[in-house]
Amino acid sequence: MAYDRIYNFSAGPSILPEKVLEDIRDNLMNYQGSGMCVMEMSHRSKVFDTIIKEAEQDLRDLMNIPDNYKVMFIQGGATLQFAMIPMNLMKNGVADYIVTGNWSKKAYAEAKKYGKINLVATSEDRNYSYIPDCSDLPISEDADYVYICENETIHGTTFRQLPNTKGKILVSDQSSMFLSKPCNVSDYGVIYGGVQKNIGPAGMVIVIMREDLIREDLPTWVPTYMSYATHAKNDSLYNTPNCWSIYVCGQVFKYLKSIGGLEAMAKMNEEKAKILYDFLDQSKLFKGTVEPEFRSLMNVPFVTPTKEQDAEVVAATKAAGFDNLKGHKSVGGLRASIYNAMPKEGVAALVDFLKKYEAEHMA
Ligand SMILES: *Cc1c(COP(=O)(O)O)cnc(C)c1O
């Protein structure tokens, strides 16, 4: 590969499109004739104003975001949203959570600090290897919202169908699937995603929120920074935003538009994931840990029969130029994160390697 880069299967921060990295490099010392790097310029400058406005518009184009939704670039990662969501959306002080893995579990635990949180469905009984049936849940009469993590990065599950919220607002953490496929924004009250999984550099979250959910009448103890109204009213420029991340994310949006948008991206992601899942399904050594109908297109956990062999395969892949394949400790085994920017050749090369490994070790 060019530049001696390796195939990087990291779950996050993770791989970015090479074309974007090259463009950034070419503009590093002097961004489009401004005489400075984006890292060096004022967030109130005209040049940056164009960068942030174009980033928002390109995202709106990609996702067909309706006009009554606000787009906000906020710091604190996806984790800060675990608290901001309940702080801002609770009027009755009640919310329903669906827990399908580590990330929704963390969000659930955080929300409990702020109100009465009902666990309406969970897949904990089988170590989060599936998505529970969410077609007829005991949704609370007075729930202010229903919460999901739409793609569990660690457990490798994804919702194929959104839950029936019985008219309540749906809040979705899309961090590890953001822009991986088309999304009907109006099905949600709030969509958010930490950008370091599938979009750009760490340190920022993008929040897409229906305007009527943004409130000014929050309790006075809510920090100014943690009120969505603060960000909405100031077009994400209340204080100094993560300018660099906004710039790079914007470049990724332009790149995604140039390759045909989210439909084209979804097709590529499906092709890529199929290469790996087809291999796992016929392998006698490796086994996917998720029930087939709930498999993520982005994060693919799999195991060998023993922990020792898992570790051996991780070491062997690393030596062969595939990195970050060690599974998270709560699932074990291996995990290949095959985000938007992972080329099909990368997945094919990994499968070739695993095939060879299997042939050599199953004789
Ligand atoms: C990584 C991740 C988070 C946490 O993101 P930070 O930006 O590190 O706070 C939350 N949700 C999901 C689904 C994730 O993958």
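The structure displayed is predicted, hence computed values, not measured ones. (Residues numbered from 1 in each chain as written. Predicted model: local features only at pLDDT ≥ 70, side-chain atom pairs only at ≥ 80, totals over all residues. Heavy atoms only, no water.)

Novice: Which residues make up the packing of aromatic side chains, and what are the values?
Specialist: To describe a pair of aromatic rings, one takes the distance between the centres and the angle between the planes. Considering all chains together, one arrives at 13 aromatic pairs under this definition. On the basis of an interplanar angle of 50° and a centroid distance of 6.4 Å, the ring pair of F82 and W103 is categorised as tilted. Here F82, found in helix α3 (residues 77-89), pairs with W103, found in helix α4 (residues 102-111); they are 21 residues apart in sequence, far enough to count as distant. On the basis of an interplanar angle of 10° and a centroid distance of 6.1 Å, the ring pair of Y114 and W221 is categorised as stacked. One end of the pair, Y114, is in the loop between α4 and β4 (116-122); the other, W221, is in the loop between β10 (205-210) and α5 (228-233), and 107 residues separate them in sequence. Across the ring face of Y130, the terminal group of R126 is positioned such that the distance to the ring centre comes to 4.0 Å. (Phe/Tyr/Trp six-rings, centres within 6.5 Å; stacked < 30°, edge-to-face > 60°. Helix = DSSP H or I, 4+ residues; strand = E, 2+ residues; numbered from the N terminus. Lys NZ or Arg CZ within 6 Å of the ring centre and 35° of its normal.)

Novice: So what about the pattern of salt bridges? Which residues, and what values?
Specialist: Overall, the coordinates contain 22 salt bridges when judged by the stated rule. With a shortest N-O distance of 3.5 Å, E271 and K267 are connected by a salt bridge. In this pair, E271 and K267 both sit in helix α7 (residues 261-282), four residues apart, roughly one turn of the helix. Taken together, the shared-partner salt bridges in this structure form one network comprising E54, D58, D61, K254 and K257. (Salt bridge = Lys/Arg side-chain N within 4 Å of Asp/Glu carboxyl O.)

Novice: Give me the lowdown on the site of the ligand, citing residues and values where you can.
Specialist: If you check the shell around the ligand, you find G77, A78, T79, F82, W103, C149, N151, T153, D173, S175, Q196 and K197 and nothing else. Taking W103, its side chain carries an N or O atom lying 3.5 Å from an oxygen atom of the ligand. Contact with the protein chains hides 87% of the accessible area of the ligand, taken as 390 Å² for the molecule alone. Ranked by residue count, the leading element in the shell around the ligand is α3, at four residues. Here the residues of the shell around the ligand sort into four nonpolar, six polar and two charged. (Near = heavy atom within 4 Å. Polar contact = N/O pair within 3.5 Å; in protein donor to acceptor, adjacent residues only side chain to side chain. Areas by Shrake-Rupley, 256 points an atom, 1.4 Å probe, with all protein chains shown as cover. Nonpolar A, V, L, I, M, F, W, Y, C, P; charged D, E, K, R; others polar.)

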